[in-house]
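Secondary and tertiary structure notes
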Amino acid sequence: MEICKLEHIHKDYRMGEVVTPLKDICLNVHAGDFIAVEGPSGIGKSTLLYVMGTLLQSDEGCYFFEGKDVSRLSDAEKSELRAKKIGFLFQDSTMIQALTLRENLIFTQGVGGKKDPKKVDELLYQFGLEDRADFFPHQLSGGQRRRAMAARALLHNPRLILADEPTNDLDDHWSEEVIRLLKEQAGKGTAVIMVTHNSRWAKTATRRMRLEDGVLTDMNA
Ligand SMILES: Nc1ncnc2c1ncn2[C@@H]1O[C@H](COP(=O)(O)OP(=O)(O)O)[C@@H](O)[C@H]1O
Ligand SMILES: [Mg+2]
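Here's what I pulled together on the structure shown here. Quantities reported herein were computed from a predicted structural model and do not represent experimental measurements.

Attention now moves to the pairing of strand β4 (residues 60-65). Pairing geometry for strand β1 (residues 2-15) and β4, over five bridges, is antiparallel. Paired with glutamate 7 across the two strands is cysteine 62, which belongs to β4. Counted between consecutive antiparallel strands, the loop separating β4 from strand β5 (residues 68-69) contains two residues, among which glutamate 66 sits at a positive phi close to 45°.

In structure tokens form, the structure reads like this:
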């Protein structure tokens with residue numbers, strides 16, 4: 001089943017000099033895909049995830065999510081789509097400082113649909129955070145925060161997970177564990193797009209792609 005599709009996506013940034021991170025991006029993403037996107041720093045990998053997350057509108061080309069042209073959705077429809085169907089695991093992901101870790105996850109669940117504290121506790125346990133549930137965000141280490149964001153991305157059984165360098169700040173054990181849990185989620189039918197610099201983790205994906213000069217190339221082909 002197709003989850004989303006990028007057709008000839010083009011995106012410029014015009015701040016002083018024009019930068020074109022995405023020139024002609026075509027990609028079909030299916031349920032259960034686990035796609036690694038590699039490429040040098042500053043090339044446009046995060047920009048690609050913003051477009052796929054409906055956070056950034058491309059200048060040209062079409063982005064379809066579950067068959068719907070995202071450019072035709074209202075802001076409210078896009079928010080609902082993001083809250084219910086997309087799990088974000090971004091570099092600059094943040095939590096609400098006034099809420100504990102468990103409260104943050106329950107809050108995010110409530111935005112996307114029904115609250116399910118049991119699922120929250122199960123995810124906290126899977127990511128080794130059960131003894132940090134009542135901590136505030138500022139009381140967590142970088143690695144613990146990263147794992148918390150991974151847990152949050154899995155809360156809703158999303159259709160699509162966008163993971164931007166998800167193993168940053170993590171030791172080998174937790175890097176492996178986060179990749180394993182993302183892979184397990186792909187096994188349940190979620191499509192996972194993972195940006196990574198590390199070929200060790202890229203190799204675990206079912207498809208390896210490289211972003212360079214604004215185009216995506218399939219490294220398996
Ligand atoms: N909002 C923005 N406005 C202007 N330029 C941007 C913006 N976001 C990113 N860029 C530029 O676009 C290029 C691609 O950035 P990014 O997608 O973050 O790359 P990567 O994730 O591969 O490191 C970089 O040159 C960056 O400076
Ligand atoms: Mg980036």
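Resuming the write-up.
The next thing to look at is the pairing of strand β7 (residues 160-164). Among the five residues that make up β7, five are buried, leaving the element largely enclosed by the rest of the structure. Relative to strand β8 (residues 191-195), β7 is paired through five bridges, and the arrangement is parallel. Directly across from alanine 163, in β8, lies its bridge partner methionine 194.

A word on helix α2 (residues 75-85). Listing the buried residues of α2 in full gives Lys78, Leu81 and Ala83. In the core, the buried residues of α2 are packed alongside β4, β6 (86-89) and α3 (101-112).

Taken N-terminus to C-terminus, the directions of α3 and helix α5 (residues 142-154) make an angle of 25°; their axes are 10 Å apart at the nearest point. Accordingly, the angle class assigned to the pair α3 and α5 is roughly parallel. Where α3 crosses over α5, the handedness of that crossing is right-handed. Counting all contacts with α3, which are made through Leu101, Leu105 and Thr108, the residues of α5 involved are Ala148, Ala151 and Arg152. Of the residues contributing to the contact of α3 with α5, the split by class is four nonpolar, one polar and one charged.

In total, this model carries two aromatic pairs according to the counting rule given. Taking 5.5 Å as the distance between ring centres and 65° as the angle between the ring planes, the aromatic pair formed by tyrosine 50 and phenylalanine 90 counts as edge-to-face. Taken as a pair, tyrosine 50 in helix α1 (residues 45-52) and phenylalanine 90 in the loop between β6 and α3 lie far apart in primary sequence, 40 residues in all. Looking at tyrosine 50, the relative accessible area reads 27%, which means it is partly exposed. Under the relative-accessibility criterion, phenylalanine 90 is labelled buried at 7%. Their ring planes at 80° and their centres at 5.2 Å tell us that phenylalanine 88 and phenylalanine 90 sit as a pair that is edge-to-face. Taking NZ or CZ as reference, lysine 5 lies 5.3 Å from the ring centre of phenylalanine 64, over its face. The ring of tryptophan 174 carries the charged tip of arginine 147 above its face, separated from the ring centre by 4.3 Å.

So, how was this worked out
- Residues numbered from 1 in each chain as written.
- Chains lettered and ligands numbered in written order.
- Predicted model: local features only at pLDDT ≥ 70, side-chain atom pairs only at ≥ 80, totals over all residues.
- Heavy atoms only, no water.
- Pairing = 2+ DSSP bridges.
- Helix = DSSP H or I, 4+ residues; strand = E, 2+ residues; numbered from the N terminus.
- Buried < 20%, exposed > 50% of the residue type's maximum accessible area, 1.4 Å probe, protein only.
- Contact = heavy atoms within 4.5 Å.
- Axes fitted to C-alpha atoms, helices over the stretch in contact; angles between N-to-C directions.
- Parallel < 35°, antiparallel > 145°, perpendicular 65-115°, else oblique.
- Left-handed = near helix turned anticlockwise from the far one by under 90°.
- Nonpolar A, V, L, I, M, F, W, Y, C, P; charged D, E, K, R; others polar.
- Phe/Tyr/Trp six-rings, centres within 6.5 Å; stacked < 30°, edge-to-face > 60°.
- Lys NZ or Arg CZ within 6 Å of the ring centre and 35° of its normal.

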